[in-house]
Amino acid sequence: MAKKNGAAGGKGTPATVALEKAGVAFTVHAYQHDPAAPSYGGEAAEALGVAPERVFKTLVAEVDGVLTVGVVPVAGQLDLKALACAVGGKRAAMADPAAAERSSGYVRGGISPLGQRKALRTVVDEGALAFDTVYVSAGRRGLEVELAPADLVRLTGAVSAPIGR
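Residues numbered from 1 in each chain as written. Predicted model: local features only at pLDDT ≥ 70, side-chain atom pairs only at ≥ 80, totals over all residues. Heavy atoms only, no water.

Caption draft 1: Representation of the overall build of the protein chain in the model. Regarding its fold elements, the protein chain presents 5 helices and 9 strands. Compactness check: the protein chain gives a C-alpha radius of gyration of 14 Å against a globular reference of 15 Å for 165 residues, within 12% of the reference. The burial tally for the protein chain puts 47% of its 165 residues in the buried class. When the accessible surface of the protein chain is split by element, carbon and sulfur atoms take 52% of a total near 8000 Å². Side-chain charges in the protein chain split into 18 positive and 16 negative, and the spacing between the mean points of these groups amounts to 7 Å. (Helix = DSSP H or I, 4+ residues; strand = E, 2+ residues; numbered from the N terminus. Rg over C-alpha atoms; globule rule 2.2 N^0.38 Å. Buried < 20%, exposed > 50% of the residue type's maximum accessible area, 1.4 Å probe, protein only. Areas by Shrake-Rupley, 256 points an atom, 1.4 Å probe, with all protein chains shown as cover. Lys, Arg positive; Asp, Glu negative; His and termini not counted. Charge placed at Lys NZ, Arg CZ, Asp CG, Glu CD.)

Structure, rendered in structure tokens:
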């Protein structure tokens with residue numbers, strides 16, 4: 001199910017509310033989430049029939065002790081060293097899942113780079129810029145938002161860098 005500029009079922013998430021408030025063109029895509037799926041992002045790509053290179057996962061890491069968001073294709077992994085370099089840091093490690101959930105206001109598997117409770121430094125993998133639109137979590141499992149990568153970068157205050165591998 002796809003709905004332009006509005007969340008499925010009429011109830012928005014913080015991510016879709018932020019997009020609507022910014023006046024950005026986007027499409028919400030809902031699918032039936034399977035709790036047994038081995039990968040949230042892979043499940044989204046398959047359920048929506050979209051190439052995994054266009055579906056991006058939102059990962060929260062700590063760079064020199066500061067929570068930082070990395071947005072990378074679901075088909076790959078986050079290069080922690082590249083993430084640290086992109087924000088001028090030295091050392092990066094994945095954040096504690098509970099800290100990521102508290103900071104973002106979202107649950108693991110549904111963390112969106114948009115509409116987070118606390119705005120964090122964000123880096124979007126530069127590969128996103130090769131597409132007209134990309135997909136990221138809309139703020140809950142089973143819900144993705146499709147938007148232009150330039151809008152994603154602008155709304156999150158992100159920098160783009162080669163952080164995926």
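Caption draft 2: How the structure looks around the sheet that holds strand S9 (residues 159–161). In spatial order, the strands read S5-S3-S4-S6-S9; together these 5 strands make up an open sheet with mixed pairing. In this open sheet, the two strands that pair with only one neighbour each are strand S5 (92–94) and S9. On average, each strand axis in the sheet is inclined to that of its neighbour by 35 degrees, with strand direction left out of account. Pairing between strand S3 (residues 56–63) and S5: 3 bridges, direction antiparallel. Residue pairing in the sheet places Glu 62 in a bridge with Ala 93 of S5. (Pairing = 2+ DSSP bridges. Axes fitted to C-alpha atoms, helices over the stretch in contact; angles between N-to-C directions.)

Caption draft 3: Layout of helix H4 (residues 97–104). Taken as a whole, H4 has its buried residues at Ala 99, Ala 100, Ser 103 and Ser 104. The buried residues of H4 occupy one face: seen down the axis, they fall within an arc of 115 degrees. (Arc of directions from axis to C-beta.)

Caption draft 4: The pattern of salt bridges, seen in detail. Applying the stated criterion across every chain yields a total of 2 salt bridges. The salt bridge involving Asp 151 is made with Arg 154; its shortest N-O contact spans 3.2 Å. Placement of both Asp 151 and Arg 154 in helix H5 (residues 149–156) is noted, with a separation of 3 residues, approximately one turn of the helix. We classify Asp 151 as buried; its relative accessible area is 19%. The class of Arg 154 is exposed, set by a relative accessible area of 51%. (Salt bridge = Lys/Arg side-chain N within 4 Å of Asp/Glu carboxyl O.)

By themselves, these observations are geometric and do not establish any function.
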